[in-house]
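Coordinate analysis (summary)
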Amino acid sequence: MNSRELNDRAAWLRGPSAECSVVPERLEQPWRLVLLGPPGVGKGTQARLLTQRLGACHLSTGDVFREAKTRNERQQTLAMSAALNSMRRGTLVPEAIMWQVIRERASCLRCQGGFVLDGFPRTLAQAKVLKLLLENERLSLDAVVNYELPLAEIVSRLSGRRTCQSCKAIFHLTAQPPRTEGMCDLCCDALYQREDDRPEAITVRLNAYQSSTAPLIQFCRNLGLLTPVVASGSPEEIFRRTATALEKRRKFDSGSSVTSRKSARVWSPEMLACCGNESGNGNNI
Ligand code: AMP
């Protein structure tokens, strides 16, 4: 296990009063990415693969709320209780609460190891807030990776998904079953089905996704940041496609390959072998 895996993301998960157990390594050119895609498309898995290889921090807004859920109700602010109620219903957390959550965690956007933002922005309004925050910090995004998958496959993925209650590793009843039923392969703790992965919440979430993210995707496309990636196949296949698409972007942006940079050690020749997607010009979101 390397130092990256030991980072507990405390500042992100618990807010600015908490400190991360490990300060990420300073990278010459850290990666700053946003991942988009409907629920169940595998963003969480790709975020973990990307953060392991890039040394960046996995900033998941869903994880912020799941972490809050494990705390005693009396320790929760009114805003957090309202957010958790939305999450239980499968609806989006109100914008004002989301902005508060992100503003409080702005230091994570400045992290010297970079970041992979997963679950935010989900609406055009959130994208505009993020754009402003990044501009204030004089930071720019490398890409907005948009994972794409047909609807039927999404529903099947979500209803079979099981998550470890301790280490948050993700399994699937048929596509990636754990060695022992109901038990995490990595830490042996129990697996559970997220409330929002139950069939009644899935439909609500997918409808909310469709209506709120179409304008957001167009916004990112207009900024030249959108990087579509087909999300079918195994996590490794999807990761390879993502790596190739990102590699192409940095070549396009700077005229030189990431393989000549410090962060380049993350890509193996095999990862770079297949073809990628779209390129852009690296504006802030
Ligand atoms: P996720 O793990 O990203 O699917 O998020 C789980 C739940 O957290 C969502 O279904 C929403 O209720 C809430 N949530 C996470 N991120 C956001 C966001 N950017 N805007 C609104 N609600 C969010």
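Calculation rules
- Residues numbered from 1 in each chain as written.
- Predicted model: local features only at pLDDT ≥ 70, side-chain atom pairs only at ≥ 80, totals over all residues.
- Heavy atoms only, no water.
- Helix = DSSP H or I, 4+ residues; strand = E, 2+ residues; numbered from the N terminus.
- Contact = heavy atoms within 4.5 Å.
- Areas by Shrake-Rupley, 256 points an atom, 1.4 Å probe, with all protein chains shown as cover.
- Pairing = 2+ DSSP bridges.
- Axes fitted to C-alpha atoms, helices over the stretch in contact; angles between N-to-C directions.
- Buried < 20%, exposed > 50% of the residue type's maximum accessible area, 1.4 Å probe, protein only.
- Polar contact = N/O pair within 3.5 Å; in protein donor to acceptor, adjacent residues only side chain to side chain.
- Salt bridge = Lys/Arg side-chain N within 4 Å of Asp/Glu carboxyl O.
- Near = heavy atom within 4 Å.
- 1 Å grid on protein atoms, 1.4 Å probe; cavity = no way out; pocket = protein on both sides within 12 Å on 5 of 7 lines; lining within 4 Å.
- Sits in = over half its atoms within 2 Å of the grid points.
- Nonpolar A, V, L, I, M, F, W, Y, C, P; charged D, E, K, R; others polar.
- Phe/Tyr/Trp six-rings, centres within 6.5 Å; stacked < 30°, edge-to-face > 60°.
- Lys NZ or Arg CZ within 6 Å of the ring centre and 35° of its normal.

Focus on the overall build of the chain
- Looking only at helices and strands, the chain features eleven helices and eight strands.
- Intrachain contacts of the chain at a sequence separation of at least 6 include 72% that bridge at least 24 residues.
- Summed over all atoms, the accessible surface of the chain reaches about 13,400 Å², with 52% contributed by carbon and sulfur.

Topic: the sheet that holds strand β7 (residues 191–192)
- Strand order in the open sheet made by the three strands is β6-β5-β7, with antiparallel pairing throughout. The open sheet terminates on both sides in strands that have one partner only, identified here as β6 (170–172) and β7.
- Here two bridges tie strand β5 (residues 161–164) to β7, and the two strands are oriented antiparallel to one another. Paired with Cys164 across the two strands is Leu191, which belongs to β7.
- The strands that helix α9 (residues 151–159) touches are β5 and β6; relative to β5, the one it contacts most, it runs at about 40 degrees.

Some points on helix α4 (residues 61–69)
- Burial analysis of α4 places seven of its nine residues in the buried class, which makes it a mostly covered element.
- If you check which residues of α4 are buried, you get Thr61, Gly62, Asp63, Val64, Phe65, Arg66 and Ala68.
- Against α2 (10–14), β2 (57–60), α5 (78–89), α6 (95–104), β3 (114–118) and β7 lie the buried residues of α4.
- Put simply, Ser60 is the residue that caps the front of α4, since its side-chain oxygen is 3.4 Å from the backbone nitrogen of Gly62.

A closer look at the pattern of salt bridges
- One pass over the structure, following the stated rule, counts twelve salt bridges.
- Notably, a salt bridge pairs Asp63 with Arg66, separated by 3.1 Å at the nearest N-O pair. Of this pair, Asp63 and Arg66 are both found in helix α4, three residues apart, which corresponds to roughly one turn of the helix. Here the two residues Asp63 and Arg66 agree in accessibility, since each one is buried.
- A salt bridge links Glu195 to Arg88; its shortest N-O distance comes to 3.9 Å.

Overview of the site of the ligand
- By nearness alone, 16 residues border the ligand, and Thr61, Arg66, Thr91, Gly119 and Arg122 come closest of all.
- Gly119 places a main-chain nitrogen or oxygen 2.8 Å from a nitrogen atom of the ligand.
- Bound to the protein, the ligand loses 96% of the 480 Å² it would expose on its own.
- Counting atoms within 2 Å of the grid points, the majority share of the ligand lands in the largest cavity.
- In terms of residue count, the dominant contributor to the shell around the ligand is α4 (four residues).
- Tallied by class, the residues present in the shell around the ligand amount to six nonpolar, five polar and five charged.

Some details on the packing of aromatic side chains
- Counted by the stated rule, this structure contains zero aromatic pairs.
- Here the guanidinium or amino end of Arg53 rests over the ring plane of Phe239, the centre of that ring lying 4.5 Å away.
- In this structure, Arg250 is placed above the aromatic ring of Trp31, and the distance from its NZ or CZ to the ring centre is 3.6 Å.

A few points about the side chain of Gln76
- With respect to the helices and strands, the residue Gln76 is situated in the loop between α4 and α5.
- At a separation of 3.3 Å, a polar atom in the side chain of Gln76 contacts the main-chain carbonyl oxygen of Arg71.
- Setting aside chain neighbours within four positions, we find Gln76 in contact with Ala68, Lys69, Arg71, Ser81 and Leu84.

Remarks on the pairing of β3
- β3 sits mainly inside the fold: five of its five residues count as buried.
- With burial as the criterion, each face of β3 is covered, one bearing Gly114, Val116 and Asp118 and the other bearing Phe115 and Leu117.
- With five bridges joining them, strand β1 (residues 31–36) and β3 adopt parallel strand pairing. Counterpart to Leu35 in the pairing with β3 is Asp118.
- Pairing geometry for β2 and β3, over four bridges, is parallel. Residue pairing across strands places Ser60 opposite Asp118, the latter belonging to β3.

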